[in-house]
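This is what each chain is made of:
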Amino acid sequence: MTRPVAALLLLALAAFFAASVLTPLAPLLGVDRELGMTVVTELRLPRALLALVYGAMLGASGAAIQALFANPLASPDLTGTTSGAALGAVVTAYLFGFSAPIALSIGSVAGALGALALLLALAGPRAETATLLLSGLAISALAGALTTLALALAPSPFAFYDAYDWLMGSLIDRSLEQAAFAALPAALTIALLMRLGPALDRLALGEEVAQSLGHDVARLRLEVVCLTALGVGACVAICGAIGFIGLIAPIFARRVTRGHPGRAIFPAALIGALLLTAADLCVRLAPLGRTLPIGVVTALIGAPFFLWLVAHMRLRLRP
Amino acid sequence: MMLRASGLSLPGRLHTASLELRAGEFVCLIGPNGSGKTSLLHALAGIGAPTGTVALDGVDPRTLPPSVRPAFLTYLPASRDVPWPLLARDVIALGGGAAAFPTLELQPFLDRPINRLSTGERSRVLIARALAPRPKLLLLDEPTANLDPLWQIRLMALVREELKTGERAALVAIHDLDSAELYADRVIVMNEGRIVAEGMDQIPAVFGVERRAGRWEAIRPPADPRSSP
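Residues numbered from 1 in each chain as written. Chains lettered and ligands numbered in written order. Predicted model: local features only at pLDDT ≥ 70, side-chain atom pairs only at ≥ 80, totals over all residues.

Visitor: Before we move on, could you go through the interface of chain A and chain B and cite the residues and values that matter?
Guide: With 17 residues of chain A at the interface, the matching set in chain B holds 24 residues. Elements with a minimum of two residues in the side of chain A that touches chain B: helix 9 (197-203) and helix 10 (207-212) of chain A. A per-element tally of the side of chain A that touches chain B places helix 10 of chain A first, with four residues. Here the side of chain A that touches chain B is composed, by residue class, of six nonpolar, seven polar and four charged. (Contact = placed C-beta atoms within 7 Å. Helix = DSSP H or I, 4+ residues; strand = E, 2+ residues; numbered from the N terminus. Nonpolar A, V, L, I, M, F, W, Y, C, P; charged D, E, K, R; others polar.)

Written out as structure tokens, the structure is:
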């Protein structure tokens, strides 16, 4: 990625972040300054921070997973990782009754790890697109069904109602403390994933060549899987499952890295953060009179994009 | 002596192979399908989990970090697939070499995505990826596959030329027996995961072909599929 592109992305990100903290501005300056400050620190700042962090995490992990599976259609949601994380969090909260953020995070990371391990076992390390997507679909369906089952068996009769907003993905009404529970693991994971960038770039030459160049591919695979599970799990525990950012961001990111999949991790993080912040801003400012879950918005935009991508690949790959 | 490898094994594929290469030597590896040529190259390049010892000028190249490894050995796999649309120049650079490797006439392709090139052009780019770091040991698996006749000749001549300084060596797995005989200083014959012979004498026994009037022909003609019940 060239410096001007990075600067541009960072600038856009800063602008969106400022916009989501400050707009609408009038209520903050108007009635009560103290109330205005409270709105910013208690409501808008955690929300904007979560959009930034979760978007970046989805972008970075999407780029890493795509590089690992050598497949541009891999992403945390399409591989079932986010569904696994959601299942882990639901089981922890509603069946075991632990609702502290740290417990949710642990449950969710465990769920994500389980889903990725299952995917590797089912589809193999360098799967064909069809195998990868079908395995991901199966894992997502299984995790979704188990999540519903866990909610149905939960002692609390309100479990479904409680969990609905969260399951659809939501950044609303989280505290700064909760935001930190997502932000710290995510920042750490993104930094560590970026360190794997050069190895993932060499993996683009094929597994044999990467090994002959001195990269331990089995260890690399383990590192990417664990880091992705950790970062995505921590974010899902706080904000629920948000789809498609992890698919789209890396695809744009590789346009600025001349196709290098490993180098794309950092720009994918920037683009992911940008996309989710923008989506959240849309949700907040759209004149609908009520708030849509943000996961619905990313899916409404992301799903058609995904379909276009599948059609595009099918046309281009046709013999 | 430059390369000394002994007891190389990969479970089920390669059984205690030992070989030595002198500096400047061009050695061809021949053998029927599944005889362990690729496995031997893998074991030398540290692919999979090979056992046995390798010493290249006294160091085991398989223990070297990625930053210096390409100066010691590079490996060209038989597969010419690159899953990402990387530019040809970037593929060569990722391999640790200077992108403008002159002798393969890659100039027209350097700024094109590798998956848009023809199979032969892609092969040349991937060969350049292996040659460009100018490693001490070149391990090439079927380098002439997909190349047109002229490029097959030019490639083998180029590898010979690369070895002329007398500080480097090449081990080349190849199916074309005539090329092996023509270009190699030495020919190593493999069968069933083992090094079984050196030179061309064992070819009839191992391959079931023999040279008649300058052409390789099956010793027993293959059964006519129509005559079987």
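Visitor: Lay out the sheet that holds strand 4 (residues 51-56) of chain B in plain terms, naming residues and giving numbers.
Guide: Residue and element names in this part refer to chain B. Strand order in the open sheet made by the three strands is 2-1-4, with antiparallel pairing throughout. Of all the strands in the sheet, the pair left with one neighbour each is strand 2 (14-21) and strand 4. Each neighbouring strand pair of the sheet contributes to a mean axis angle of 15°, computed without reference to strand direction. Where strand 1 (residues 3-10) meets strand 4, five bridges bridge the pair, whose relative direction is antiparallel. (Pairing = 2+ DSSP bridges. Axes fitted to C-alpha atoms, helices over the stretch in contact; angles between N-to-C directions.)

Visitor: Can you break down the nonpolar core residue by residue, with the values?
Guide: All names here are of chain A. With 166 residues, the main nonpolar core has Val53, Tyr54, Ala64, Ala182 and Cys235 as its most contacted residues. Ranked by residues supplied to this core, first place goes to helix 3 (residues 33-69) with 17 residues. The residues touching Cys235, leaving out its near neighbours within four places in the chain, are Val53, Tyr54, Met57, Ala182 and Ala186. (Core = buried A, V, L, I, M, F, W, Y, C linked by C-beta atoms within 7 Å. Buried ≥ 20, exposed ≤ 12 C-beta atoms within 10 Å, placed from the backbone.)

Visitor: Residues and numbers for the environment of B:Arg129, please.
Guide: Residue and element names in this part refer to chain B. With respect to the helices and strands, the residue Arg129 is situated in helix 4 (residues 119-131). Sequence spacing of Arg129 and Ala88 is 41 residues, and the spatial spacing of their C-alpha atoms is 9.0 Å. Each residue touching Arg129, except ones within four places of it in the same chain, is listed here: Val91, Ile92, Gly95 and Gly97.

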